[in-house]
Amino acid sequence: MAITWEDKPLPEVVLRRLWLADAPRAHALSRLVGWSLTLASWERMILWGGRGCFALYRGDALVATAIATVYGRERAWIGGVITHPDHRRQGLATRLMAVALDYLRQRAIPHVLLDASEQGRPMYEALGFRPIYNIEVWAGRASSYLGPRARPLRRGDLDAVVALDAETFGVARGRILRRLVQDYPHLAWVDEEDGQITGFLLAQDDRQDGTPAHLGPWMHRSPWGAEKLLRTALSVLIGREVRVDIPDRNPHASALAYAHNLRRRRACTRMHLGPGDPPPELIAQHYGVAALATG
Ligand SMILES: CC(C)(COP(=O)(O)OP(=O)(O)OC[C@H]1O[C@@H](n2cnc3c(N)ncnc32)[C@H](O)[C@@H]1OP(=O)(O)O)[C@@H](O)C(=O)NCCC(=O)NCCS
């Protein structure tokens, strides 16, 4: 299983890093397998993954990808794990996972998390990952209802938003949130009480054919405040297909999605590899995740 990241030919496959310039090819691969990730999402994933982005090539053809994104010193996420349908069941994804896990071991990152599809789960289990809970994908056409609205996020809110995200997610990821706000400034909202930020929702919409707008991260200290954020996002995106990825340990979140005309489409399994229990998070405040590929 040992395979280095150098351009070292294995029997027919070559391991390389995935760079920003490779985003269009990775995007084409994910379209081929039916994923709704946009080109802009791939560019961000590759940017955030940095040296943790890996690819296998056969000749000039990109045949497999995997990205490890590091958060602080304790935690990392693995996503973007895809093997081209013509090259499956040859151990390629397992090899790339070994490379990504080795990269994280070298950085002494103890906890690795990921969101596994049904297809991917057996491979991750074989590598030692254990299920924690499910993430449900809810989707539908955005419709709007009467009720109080949240307000647009202002630049001065960002520190409080990053702090609330860290409290909920369990680790600070300011560079991720700041980039999302920079890319979609018109799709960022906050709620506040007595001048304190109590919740926020960031959405992504690349308006690509067939790709729904993505709602999340979506976090709030209370269910009624979380609804206010959802109502606001849906009224701005009215008529658009939207999706939100909800941790099933927060039943308020799925109840809100249902009440706003979204329906559960499928689920994936959040999994953990590392010593002892998964790192702590405040799931009661977590209504929608930022992205399956990066947590
Ligand atoms: C999940 C996915 C990445 C697996 O890719 P892959 O390269 O086929 O994975 P591997 O070959 O390493 O392992 C898959 C299976 O092939 C088997 N296998 C590995 N080498 C083999 C070989 N030489 N001959 C036959 N079978 C082999 C493995 O034992 C494994 O079997 P299992 O599913 O019964 O456990 C791929 O199916 C895919 O891209 N799916 C769509 C996207 C997706 O869901 N990605 C996961 C996101 S979390």
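Because the structure is predicted, anything quoted here is derived from the model rather than measured. (Residues numbered from 1 in each chain as written. Predicted model: local features only at pLDDT ≥ 70, side-chain atom pairs only at ≥ 80, totals over all residues. Heavy atoms only, no water.)

Student: I'd like to hear about the side chain of His27, residue by residue, with values.
Tutor: Positionally, His27 belongs in helix H1 (residues 23-32). Relative accessible area serves as the criterion here: at 13%, His27 is assigned to the buried category. For His27, the side chain forms a polar contact with the main-chain oxygen of Leu37, separated by 3.4 Å. If near-sequence neighbours (up to four positions away) are discounted, His27 is found in contact with Leu37, Thr38, Leu39, Trp42 and Gln208. (Helix = DSSP H or I, 4+ residues; strand = E, 2+ residues; numbered from the N terminus. Buried < 20%, exposed > 50% of the residue type's maximum accessible area, 1.4 Å probe, protein only. Polar contact = N/O pair within 3.5 Å; in protein donor to acceptor, adjacent residues only side chain to side chain. Contact = heavy atoms within 4.5 Å.)

Student: I'd like a rundown of the domain arrangement of the chain, residues and numbers included.
Tutor: When the domains of the chain are assigned, the result is domain 1 (14-109) and domain 2 (136-288). Each of domain 1 and domain 2 has a C-alpha centre, and the two are 25 Å apart. Contacts between the two partners involve 16 residues from domain 1 and, on the opposite side, 21 residues from domain 2. Taken together, the two surfaces of domain 1 and domain 2 that pack against each other cover about 1600 Å², and 55% of this comes from carbon and sulfur. The interface formed by domain 1 and domain 2 holds one salt bridge in total. When the shortest N-O distance is used, the salt bridge between Asp183 and Arg44 registers 2.9 Å. Our count for the contact surface shared by domain 1 and domain 2 stands at nine residue pairs in polar contact (both at pLDDT 80 or more). For the side of domain 1 that touches domain 2, the secondary structure elements donating two or more residues are H1, helix H2 (39-49), strand S3 (61-71) and strand S4 (75-83). For the side of domain 1 that touches domain 2, the element with the most residues is H2, which contributes six residues. (Domains from an automatic or database assignment. Buried area = accessible area lost by both parts, 1.4 Å probe. Salt bridge = Lys/Arg side-chain N within 4 Å of Asp/Glu carboxyl O.)

Student: Describe in detail the site of the ligand, supporting the description with residues and values.
Tutor: Around the ligand, the structure places 17 residues, and the nearest of them are Val81, Arg89, Gly91, Thr94 and Ser117. Note that an oxygen atom of the ligand is positioned 3.0 Å from one of the backbone N or O atoms of Ala93. Gln119 places a side-chain nitrogen or oxygen 3.0 Å from a nitrogen atom of the ligand. Computed on the free molecule, the ligand has an accessible area of 930 Å², of which 69% lies beneath the protein chains in the complex. Of all elements in the fold, only S4, helix H3 (92-106) and strand S5 (111-116) reach the threshold of two or more residues within the shell around the ligand. (Near = heavy atom within 4 Å. Areas by Shrake-Rupley, 256 points an atom, 1.4 Å probe, with all protein chains shown as cover.)

Student: Describe unusual backbone geometry, listing the residues and the values that go with them.
Tutor: Omega for the bond connecting Gly216 with Pro217 falls within 30 degrees of zero, at 10 degrees, which places this linkage in the cis form. Counting through the fold element by element, Pro217 comes out in strand S10 (residues 213-220). Positive phi is not limited to glycine here, since Ala108 has a value of about 55 degrees. Along the polypeptide, Ala108 turns up in the loop between H3 and S5.

Student: Got a sec to walk through helix H5 (residues 158-169)? Specific residues and values, please.
Tutor: Each full turn of the α-helix corresponds to 3.6 residues, which orients residues three or four apart in the same direction. With twelve residues, H5 should reach 16 Å at 1.5 Å per residue; the first-to-last C-alpha distance of 16 Å fits that figure. Regarding H5, the residues found buried are Leu158, Val161, Val162, Leu164, Asp165, Ala166, Thr168 and Phe169. Downstream of H5 by a residue or two, Gly170 has a phi angle that is positive, lying close to 105 degrees. (Expected span 1.5 Å × (residues − 1).)

Student: I'd like a description of the pairing of strand S11 (residues 241-247), backed by residues and values.
Tutor: When a strand is regular, its side chains alternate between the sheet's two faces. Buried residues dominate S11, accounting for six of its seven residues. Direction of pairing for strand S6 (residues 130-141) relative to S11: antiparallel, over a ladder of seven bridges. The residue bridging Gly140 from the neighbouring strand is Val242, located in S11. Where S10 and S11 come together, three bridges link them in parallel fashion. The residue of S11 that forms the bridge with His214 is Arg243. With respect to chirality, the unit in which S10 leads through helix H7 (residues 223-236) into the neighbouring parallel S11 is right-handed. (Pairing = 2+ DSSP bridges. Right-handed = clockwise from strand over helix to strand, strands pointing away.)

Student: Residues and numbers for the pattern of salt bridges, please.
Tutor: Per the stated rule, a full pass over the model turns up 17 salt bridges. Between Glu136 and Arg264 there is a salt bridge whose closest N-O contact spans 2.9 Å. Residue Glu136 is located in strand S6, and its partner Arg264 is located in strand S12 (residues 263-273); the two are separated by 128 residues in the primary sequence. Connected through salt bridges with shared partners, the residues Arg44, Arg179 and Asp183 form a single ionic network.

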